[in-house]
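For reference, the chains in residue letters:
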Amino acid sequence: MLTIDCKDVLSIKNELVVYVSDQAAAIPTLKHHQFTLTTLDDDEVIDINKVITSIKEFLNSIGEGHNFAVISNNETILIKSISGKIIERDAVPQSDMFSCTHCGFVTRYQVELNTHMLIHYL
């Protein structure tokens with residue numbers, strides 16, 4: 001399991017998690033200031049270099065690649081502002097997002113998450 005700390009890029013965290021999890025073929029789980037990536041099979045390992053590369057690609061695609069460093073420390077990746085600048089965008093408030101702990105499904109609605117969670121217990 002990898003943890004990606006997004007404190008300096010919170011406003012783009014939801015877009016970033018979709019891109020990175022797709023590139024790394026991993027299951028994301030959203031947390032308050034970070035997200036985690038896991039695999040379906042416990043024997044598989046997530047390629048940390050692929051995750052770092054996809055984070056850098058995403059930052060470059062929005063024109064912010066030169067403002068942020070992507071730092072790896074064991075199973076944690078930190079996205080840190082070089083100049084102290086943070087990305088500010090109008091985004092869905094983080095408290096309004098709910099994530100399935102089993103598969104990473106994300107929704108804005110608690111009721112929808114509860115209904116979704118039922119499929120894991122059938």
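The rules we used
Residues numbered from 1 in each chain as written. Predicted model: local features only at pLDDT ≥ 70, side-chain atom pairs only at ≥ 80, totals over all residues. Heavy atoms only, no water. Core = buried A, V, L, I, M, F, W, Y, C linked by side-chain atoms within 4.5 Å. Buried < 20%, exposed > 50% of the residue type's maximum accessible area, 1.4 Å probe, protein only. Helix = DSSP H or I, 4+ residues; strand = E, 2+ residues; numbered from the N terminus. Contact = heavy atoms within 4.5 Å. Axes fitted to C-alpha atoms, helices over the stretch in contact; angles between N-to-C directions. Parallel < 35°, antiparallel > 145°, perpendicular 65-115°, else oblique. Left-handed = near helix turned anticlockwise from the far one by under 90°. Pairing = 2+ DSSP bridges.

1. Details of the nonpolar core
Of all hydrophobic cores here, the largest spans 24 residues; its most connected members are Ile4, Leu16, Phe35, Val51, Ile55 and Ile79. Those elements that place two or more of their residues in this core are β1 (2-5), α1 (13-24), β3 (34-38), α2 (48-61), β4 (68-73) and β5 (76-81). If you tally residues by element for this core, the top one is α2, at five residues. Excluding residues within four positions of it along the chain, Leu16 makes contact with Cys6, Val9, Phe35, Ile55, Phe58 and Ile79.

2. Re the packing of α1 against α2
Closest axis-to-axis distance for the α1/α2 pair is 9 Å, and the angle between their directions is 140 degrees. Overall, the two elements α1 and α2 adopt an arrangement that is oblique. For the element pair α1 and α2, the recorded crossing hand is right-handed. Contact residues: α1 offers Glu15, Leu16, Tyr19, Val20, Gln23 and Ala24, while α2 offers Lys50, Val51, Ser54, Ile55, Glu57 and Phe58.

3. Some thoughts on the pairing of β3
Pairing of β1 with β3, which is carried by four bridges, proceeds in the antiparallel orientation. Looking across to β3, one finds that Leu2 is bridged to Leu37. Of the pairings in the sheet, the one linking strand β2 (residues 27-30) to β3 comprises four bridges and is antiparallel in character. For Leu30, the partnering residue across the bridge sits in β3 and is Phe35. The antiparallel pairing of β2 with β3 creates a hairpin that spans three residues between the two strands.

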